[in-house]
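# Residue-level structural notes
Chain by chain, the residues run as shown.
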Amino acid sequence: MARGLETFLAVLTVGLATGSSATADPLLRDFAVCAGRFSALVEYQWLVDGPASEASARQRDSLLSLVDAVAGPEGAKVAMAWRIDAKVSHKRLLDRAYFADDTQAAERSAQLLQACADLIGQS
């Protein structure tokens, strides 16, 4: 095995074994993913239901406060990555629900958003 590859695999193994506390924190992941989902919803509502976007933005902001509280400086990057991934995925789901008139996508979006709202005690 080439020396560079051995070093790379050793570093990768140590990194995976130790990991940061942020990557192991399920609450941080949940809050970040939900903040991403609500970000997608807010942007979607700007197009189809402007007034509803204000309530969704408040929920997103509540989740972002929780992300900040749980992440700390060491978890900010991973939390941002989770938020972006969730936002992109949820945007696709909302696009499918609205533009393709996909009722399953609409139902799934509603379920995911309700689970997120339940995290912060809002409906």
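Residues numbered from 1 in each chain as written. Predicted model: local features only at pLDDT ≥ 70, side-chain atom pairs only at ≥ 80, totals over all residues. Heavy atoms only, no water.

### A word on unusual backbone geometry
Quick note on the threshold: To qualify as a helix, a DSSP run of H or I must reach at least 4 residues; to qualify as a strand, a run of E must reach at least 2; elements of each kind are numbered from the N terminus. For every residue, the accessible area obtained with a 1.4 Å probe (protein chains only) is divided by the maximum for its type, and the residue is called buried under 20%, exposed over 50%, and partly exposed between those limits.
The phi dihedral of D101 falls on the positive side, at around 50 degrees, and the residue is not glycine. Among the secondary structure elements, D101 is positioned in the loop between helix 4 (50-99) and helix 5 (103-119). The exposure class assigned to D101 is exposed, which follows from its relative accessible area of 63%.

### Re the packing of helix 3 (residues 26-48) against helix 4
So the rule is basically this: To obtain an axis, a line is fitted to C-alpha atoms, over the contacting stretch when the element is a helix, and the angle between two such axes runs from 0 to 180 degrees between their N-to-C directions. Residues are grouped as follows: Ala, Val, Leu, Ile, Met, Phe, Trp, Tyr, Cys and Pro are nonpolar; Asp, Glu, Lys and Arg are charged; every other residue, Gly included, is polar.
Viewed as axis vectors pointing N to C, helix 3 and helix 4 meet at an angle of 35 degrees, and their least axial separation amounts to 6 Å. When the residues that make up the contact of helix 3 with helix 4 are grouped by side-chain class, the tally is 27 nonpolar, nine polar and seven charged.

### Observations regarding the confidence of the model for the protein
Defined as follows: As a per-residue measure, pLDDT reflects the predictor's confidence and takes values from 0 up to 100. Whether two residues are in contact is decided by their heavy atoms: any pair within 4.5 Å suffices.
Mean pLDDT over the protein stands at 84; residues scoring 70 or higher make up 80%. Per-element confidence in the protein ranges from a low mean pLDDT of 42 for helix 1 (residues 3-18) to a high of 96 for helix 5. pLDDT under 50 marks residues 1-21. Its contacts with residues more than four places away, or in other chains, come to three contacts.

### A few points about the side chain of R37
Mapped onto the elements of the fold, R37 is located in helix 3. Once residues lying within four places of it in the same chain are set aside, the contact partners of R37 are A86, K87, H90, L112, L113 and C116.

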